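Structure at a glance
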Amino acid sequence: ANLIGEISGTLSARKNLEAKLKKLSQEKERQEEVLYNADYQIQQMERKVARAQGQRGQEETEKKKAEIAELEDQLNRKEEEWKTLTDAVKKLDDEIRGLDRRINKLRDNKTTLGVVIDELKLENENAVIEQT
């Protein structure tokens, strides 16, 4: 009877230990989950801090570099276009100055020719008068 009591006590202790082990295992899993969630939130916060400090991920950095390259290319094209247009404006300004000089010369010639014509008319009239 004593042996049966000991076996019964041992079985009861074993059940208690198994229940305690199961409870501790569940608590361990819960704590691991809490720890995992805490680690995840820390990583999220670290990413936010890094982003706030200007750090970018590889993919975002490559994307920004590509955007910069495209914008620099556009800028170069616009600068070339600006230079071409500026050169064209300079040429047109030179042509305008040349035409202005030519117009002034032609006006001077017109005035000179007008005076010569008037003189010739006078001479012609005087010659006609002298012949009569």
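Residues numbered from 1 in each chain as written. Predicted model: local features only at pLDDT ≥ 70, side-chain atom pairs only at ≥ 80, totals over all residues. Heavy atoms only, no water.

Further remarks concern the overall build of the protein. When helices and strands are tallied, the protein shows two helices and zero strands. The C-alpha radius of gyration of the protein comes to 52 Å, more than 25% above the 14 Å expected for a compact globule of 132 residues. Projecting the C-alpha coordinates of the protein onto the three principal axes gives extents of approximately 180 × 20 × 15 Å. Split into buried and exposed, the 132 residues of the protein put 1% on the buried side. (Helix = DSSP H or I, 4+ residues; strand = E, 2+ residues; numbered from the N terminus. Rg over C-alpha atoms; globule rule 2.2 N^0.38 Å. Buried < 20%, exposed > 50% of the residue type's maximum accessible area, 1.4 Å probe, protein only.)

Its 51 residues place the ends of helix 1 (residues 2-52) 74 Å apart at the C-alpha level, agreeing with the 75 Å of an ideal helix rising 1.5 Å per residue. Gly54, located one to two residues past helix 1, shows a positive phi value of around 95 degrees. (Expected span 1.5 Å × (residues − 1).)

Our focus in this paragraph is the pattern of salt bridges. Overall, the coordinates contain eight salt bridges when judged by the stated rule. Of the charged contacts, one joins Arg14 and Glu18 as a salt bridge, the two residues approaching to 3.1 Å between their closest N and O atoms. With Arg14 and Glu18 both in helix 1 and four residues apart, this pair spans about one turn of that helix. According to the relative accessible area criterion, Glu18 is partly exposed, its value standing at 42%. (Salt bridge = Lys/Arg side-chain N within 4 Å of Asp/Glu carboxyl O.)

So, on to the environment of Ile117. Within the element layout of this structure, Ile117 appears in helix 2 (residues 58-131). Its relative accessible area of 44% is what places Ile117 among the partly exposed residues. As a C-alpha pair, Ile117 and Glu59 span 58 residues in sequence and 85 Å in three-dimensional space.

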